[in-house]
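Letter by letter, the chains look like this.
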Amino acid sequence: MRRITVFGATGSVGQSALDLVARDLASYDVVALTGGRNVAQLAHDARRLNADMAVTCYPECYSELKDLLADTDVEVAAGPDAITQAAARPVDWALSAIVGAAGLVPGLEALSHGTTLALANKESLVTAGPLMLGRAKAHGATVLPVDSEHSAVFQALVGEHMAAVERVIITASGGAFRDWPIEKLAKATLAQASSHPNWDMGRRITIDSASMFNKGMELIETKEFFNVSPDMIEVLVHRESLVHALVGFNDGALMAHVGPPDMRHAIGYALHWPERQHLPVERLDLAKIGSLTFEAPDDARYPALGIAKRVMREGGLSGAVFNAAKERALDGFIAGEIGFLDMSRVVDRTLDKMSSGAGVQSAAMTIDNVLETDRLARIYAAEAFEQLG
Ligand code: NAD
Ligand code: MG
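An account of the accompanying structure is given in this report. (Residues numbered from 1 in each chain as written. Chains lettered and ligands numbered in written order. Predicted model: local features only at pLDDT ≥ 70, side-chain atom pairs only at ≥ 80, totals over all residues. Heavy atoms only, no water.)

**Observations regarding the environment of Val247**
As for its position among the elements, Val247 is in strand β10 (residues 243–249). For Val247 and Trp180, which are 67 residues apart along the polypeptide, the C-alpha to C-alpha distance reads 30 Å. Look past the residues within four positions of Val247 in its chain and what remains in contact with it is Val153, Ala156, Leu157, Val165, Arg167, Ala253, Leu254 and Met255. (Helix = DSSP H or I, 4+ residues; strand = E, 2+ residues; numbered from the N terminus. Contact = heavy atoms within 4.5 Å.)

**Details of the pattern of salt bridges**
Inspection of every chain in the model, using the stated rule, returns 26 salt bridges. A salt bridge links Arg328 to Glu337; the nearest nitrogen and oxygen atoms lie 3.9 Å apart. Judged by relative accessible area, Glu337 falls into the partly exposed class, the value being 48%. In this structure, Arg345 engages Asp342 in a salt bridge whose closest nitrogen and oxygen atoms are separated by 2.7 Å. Taken as a pair, Arg345 and Asp342 lie in helix α15 (residues 342–357) at a separation of three residues, close to a single helical turn. Among the residues examined, Arg345 registers a relative accessible area of 35% and is labelled partly exposed. Look at the salt bridges and you will find they share partners, linking Lys122, Asp147, Glu149, Lys215 and Glu218 into a network. (Salt bridge = Lys/Arg side-chain N within 4 Å of Asp/Glu carboxyl O. Buried < 20%, exposed > 50% of the residue type's maximum accessible area, 1.4 Å probe, protein only.)

**Quick look at the coordination of the magnesium ion (ligand 2)**
Binding of the magnesium ion (ligand 2) to the protein goes through Asp147 (OD), Glu149 (OE) and Glu218 (OE), at separations of 2.1 Å. Written as a sequence motif, the donor residues of the magnesium ion (ligand 2) are D-x1-E-x68-E. (Donors = N, O, S within 2.8 Å, 3.2 Å for Na, K, Ca; no water.)

**Overview of the site of ligand 1**
Residues in contact with ligand 1 amount to 23 residues; listed here are only the nearest, Thr10, Ser12, Val13, Gly36 and Glu123. Between ligand 1 and Thr10 there is a distance of 2.7 Å, counted from an oxygen atom to a side-chain nitrogen or oxygen. One nitrogen or oxygen atom from the main chain of Gly11 is found 3.2 Å from an oxygen atom belonging to ligand 1. In the complex, the protein chains occlude 85% of the 830 Å² of accessible area that ligand 1 would expose alone. Those elements giving two or more residues to the shell around ligand 1 turn out to be α1 (12–22) and α6 (122–138). Class assignment for the residues of the shell around ligand 1 results in twelve nonpolar, eight polar and three charged. (Near = heavy atom within 4 Å. Polar contact = N/O pair within 3.5 Å; in protein donor to acceptor, adjacent residues only side chain to side chain. Areas by Shrake-Rupley, 256 points an atom, 1.4 Å probe, with all protein chains shown as cover. Nonpolar A, V, L, I, M, F, W, Y, C, P; charged D, E, K, R; others polar.)

**A look at α1**
Along α1, the residues that are buried comprise Val13, Gly14, Ser16, Ala17, Leu18, Leu20 and Val21. For α1, the elements touching its buried residues are β1 (2–7), β2 (28–35), α2 (39–48), β5 (93–96) and α11 (263–272).

See the structure below:
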């Protein structure tokens, strides 16, 4: 039996993972499941999967979760520190599927115990890639990509030498507004930004897909995870979301990863790695699909891509600034404080402000510096709301 923990178990990725685990319960010993306000879901899953422990990140949700599990021997805990403590429990495999920078500390903790960490939480690589991967190396831990594009690249690289790689191409659906006239984007509403043409995901990543901040984050994630230079990484708009990524080699070959838009593939690949096992995902009928389309992204429509390229060039803690400012701007858009296009303006201004003064590019990447940079960037991003006019 493999001991496993799922961070962010109640979310979109977490639920897809539990679907796979529930189909083969005899193979897994579930150590901890973590979630947020959705305690009913968390309690339900802890019960059906016979977890040792259920943790909500919100202390105010503790008693509700405790009551729901009163007749079981599931241990209950609450708060960010309790999640980090859960990460210290030894497991063979953990999934990091918390949304946002809140995933960083539990992920680091899990790596410190030599765990194999399947990483859906792209924010931890964007914010502190070298810290994450350095921690893994120091403790003999393994990080496996779960973001679909990065899983695809990882799979295309099996048996290959990085020295032969010329380019890495990640695809993007184009998000909710790919066919909108650019002039209308400023007025895009929360409801309009919250629906994705191809993928069923959490609300924050869905809005980030409409703005392409998600793809911007994935550019940085690619650079960090695969240690390739920024000029080797490309984004290709591919409306069908069936080719997830391509790797170009020095003999001109492109290895493409093709599969249905279902996160259970990338999660399952990480769960069974280094082997492949049967997964309950759709088998594509390419004759029926007929054609696949590709186009270059329009930089004017998606300023987030340009901002991400700047962050890749600047390096250091600029990823932490970028991610925190983006999270704060997204909070502002969700709360109706700023418009859709204001999100990229806020992130741009926060980067301008912080890379000029605070030694963002030269400061050491320690957890304290990362968390302090994250804290300041959220303050400066909120200040930038006032200056939008
Ligand atoms: P989601 O919003 O559906 O779920 C987020 C999970 O994190 C929930 O369990 C929630 O309770 C928990 N959570 C939220 N705030 C927290 C906090 N402060 N502390 C601890 N836990 C907290 O999100 P999702 O769509 O499943 O995405 C999860 C991560 O995976 C994100 O980093 C996202 O970018 C990445 N990802 C998602 C998909 C997808 O298909 N949904 C694909 C690729 C990558
Ligand atoms: Mg992705």
